[in-house]
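Given next are the chains, with one letter for each unit.
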Amino acid sequence: MSGLLPGDPAAAVGGGATPRAHCVLAPNPSPMTLDGTNTWLLAEPDSDLAVVVDPGPLDEGHLRRVVETAERHGRRIGLTLLTHGHHDHAEGAARFAELTGSRVLALDPAHRLGDEGLLPGQVIEVGGLEIRVVGTPGHTSDSLTFHLPADGAILTGDTVLGRGTTMVAHPDGRLGDYLDSLRHLHTMAAEHGVRTVLPGHGPVLADALGAVDYYLAHRANRLAQVETAVEAGCRTAAEVVARVYADVDPALWPAAELSVQAQLSYLEDRGLI
């Protein structure tokens with residue numbers, strides 16, 4: 001979704017973001033992927049091992065650029081992680097594993113390469129780099145966030161974007177889960193030193209708390225608008241979208257319709273409509 005967020009977004013997408021995180025931007029821009037998918041290369045400053053998060057689409061040139069970027073910094077890929085299984089984040093993972101010899105870890109077994117998966121609460125260490133796995137379902141059921149405590153940063157995949165807001169991919173994604181995930185990230189930002197959002201799309205955000213506050217307020221506002229639309233006679237998700245998302249680019253309406261389906265389910269489950 002388009003539009004700037006609070007959270008002091010960076011002026012550009014790609015390149016060094018924190019002492020331990022470097023973004024290689026995939027060449028797949030679109031209304032849904034914004035500038036393209038952010039593939040993250042993570043490493044301790046003095047380590048020769050790197051971790052890649054979300055290799056991105058099956059684009060040979062992009063996958064090789066990720067490897068070359070690591071090599072320019074004197075590093076090889078020791079592990080590949082996925083925030084979730086959507087194609088724009090995970091489609092290139094199998095080919096990337098061939099290029100690097102790295103395992104691919106994900107929450108969903110369908111997207112793993114190797115026997116090992118990821119679980120919320122898990123701590124991963126590669127070349128001295130500590131990565132904490134945080135369960136953040138909602139956008140999808142398998143969505144994860146990766147916490148870099150040394151940088152005070154979180155890699156949020158599609159849970160929090162660098163620009164605009166994300167969809168809840170109904171029926172796999174559920175709004176109740178998503179709101180709980182945002183509240184969890186809010187606590188991390190308010191109480192546990194998380195300052196920086198390294199998103200799956202869009203620019204880096206330097207004010208994690210401001211960004212999550214905005215997301216929570218946006219969701220509350222959209223829910224109220226959907227409830228009002230139903231009270232006004234809208235009966236289908238498409239009718240709600242045409243009323244509530246009238247100011248949004250129509251190219252994004254199919255994604256908005258998935259979010260509305262999730263909102264309607266949320267309101268129905270709670271007896272609010």
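Our subject is the structure listed above.
Residues numbered from 1 in each chain as written. Predicted model: local features only at pLDDT ≥ 70, side-chain atom pairs only at ≥ 80, totals over all residues. Heavy atoms only, no water.

A. Seen up close, the nonpolar core. Of all hydrophobic cores here, the largest spans 38 residues; its most connected members are Val160, Leu175, Val240, Tyr245 and Val260. If one sorts the elements of this core by residue count, helix α5 (residues 208-231) sits on top with eight residues. Not counting residues within four places of it along the chain, the set of residues in contact with Leu175 comprises Val168, Arg219, Leu223, Ala262, Gln263 and Tyr266. If you look at the next biggest cluster of nonpolar residues, it comprises 23 residues, including Trp40, Leu79, Ala153 and Val204. (Core = buried A, V, L, I, M, F, W, Y, C linked by side-chain atoms within 4.5 Å. Buried < 20%, exposed > 50% of the residue type's maximum accessible area, 1.4 Å probe, protein only. Helix = DSSP H or I, 4+ residues; strand = E, 2+ residues; numbered from the N terminus. Contact = heavy atoms within 4.5 Å.)

B. Region of the structure containing the sheet that holds strand β11 (residues 196-199). If you trace the five strands from one edge of the open sheet to the other, you get β7-β8-β9-β10-β11, paired in mixed fashion. Since the sheet does not close on itself, it has two edges, and those belong to β7 (123-126) and β11, each with one partner. Mean inter-strand twist for the sheet, computed between neighbouring axes without regard to direction, equals 25°. Its contacts with the sheet put helix α4 (residues 175-191) on β8 (129-135), β9 (144-148) and β10 (153-157), and the angle it makes with β8 is roughly 145°. (Pairing = 2+ DSSP bridges. Axes fitted to C-alpha atoms, helices over the stretch in contact; angles between N-to-C directions.)

C. The packing of α4 against helix α7 (residues 253-269), seen in detail. Direction vectors running N to C along α4 and α7 enclose 95°, while the axes themselves pass 8 Å from each other. Between α4 and α7, the angle falls in the class roughly perpendicular. Contacts from Leu175, Gly176 and Leu179 of α4 reach α7 at Ala262, Gln263 and Tyr266. Looking at side-chain class alone, the contact of α4 with α7 contains four nonpolar, two polar and no charged residues. (Parallel < 35°, antiparallel > 145°, perpendicular 65-115°, else oblique. Nonpolar A, V, L, I, M, F, W, Y, C, P; charged D, E, K, R; others polar.)

D. Up close: the pattern of salt bridges. In this structure the tally under the stated criterion is ten salt bridges. As a salt-bridge pair, Glu98 and Arg95 come within 2.9 Å of each other at their nearest N and O atoms. Here Arg95 and Glu98 lie together in helix α3 (residues 93-100), a separation of three residues that amounts to about one turn. For Glu98, a relative accessible area of 59% translates into the label exposed. Asp269 serves as the salt-bridge partner of Arg174, at 3.4 Å between the closest nitrogen and oxygen. One end of the pair, Arg174, is in the loop between β10 and α4; the other, Asp269, is in helix α7, with 95 residues separating them in the sequence. Taking the relative accessible area as the measure of exposure, Arg174 reaches 45% and is therefore partly exposed. Since its relative accessible area comes to 53%, Asp269 is described here as exposed. Counted as one network, the salt bridges with shared partners bring together Glu60, Arg64, Arg95 and Glu98. (Salt bridge = Lys/Arg side-chain N within 4 Å of Asp/Glu carboxyl O.)

E. Quick peek at the packing of aromatic side chains. Using the criterion set out here, one finds one aromatic pair in the structure. With a centroid separation of 6.4 Å and an interplanar angle of 65°, the aromatic rings of Tyr214 and Tyr215 are classed as edge-to-face. Exposure remark for Tyr214: the relative accessible area of 32% places this residue in the partly exposed category. Directly above the ring of Tyr245 sits Arg222, whose terminal nitrogen or CZ lies 4.2 Å from the centroid. (Phe/Tyr/Trp six-rings, centres within 6.5 Å; stacked < 30°, edge-to-face > 60°. Lys NZ or Arg CZ within 6 Å of the ring centre and 35° of its normal.)

F. Quick peek at the packing of helix α6 (residues 237-244) against α7. Packing of α6 against α7 brings their axes to within 9 Å, and their N-to-C directions diverge by 115°. In this view, α6 runs roughly perpendicular relative to α7, as classed from their interaxial angle. Helix-helix and strand crossings are classified by hand; for α6 and α7 the assignment is right-handed. Touching Ala237, Ala238, Val240, Val241 and Ala242 of α6 are Trp253, Ala256, Glu257, Val260, Gln261 and Leu264, all from α7. Looking at side-chain class alone, the contact of α6 with α7 contains nine nonpolar, one polar and one charged residues. (Left-handed = near helix turned anticlockwise from the far one by under 90°.)

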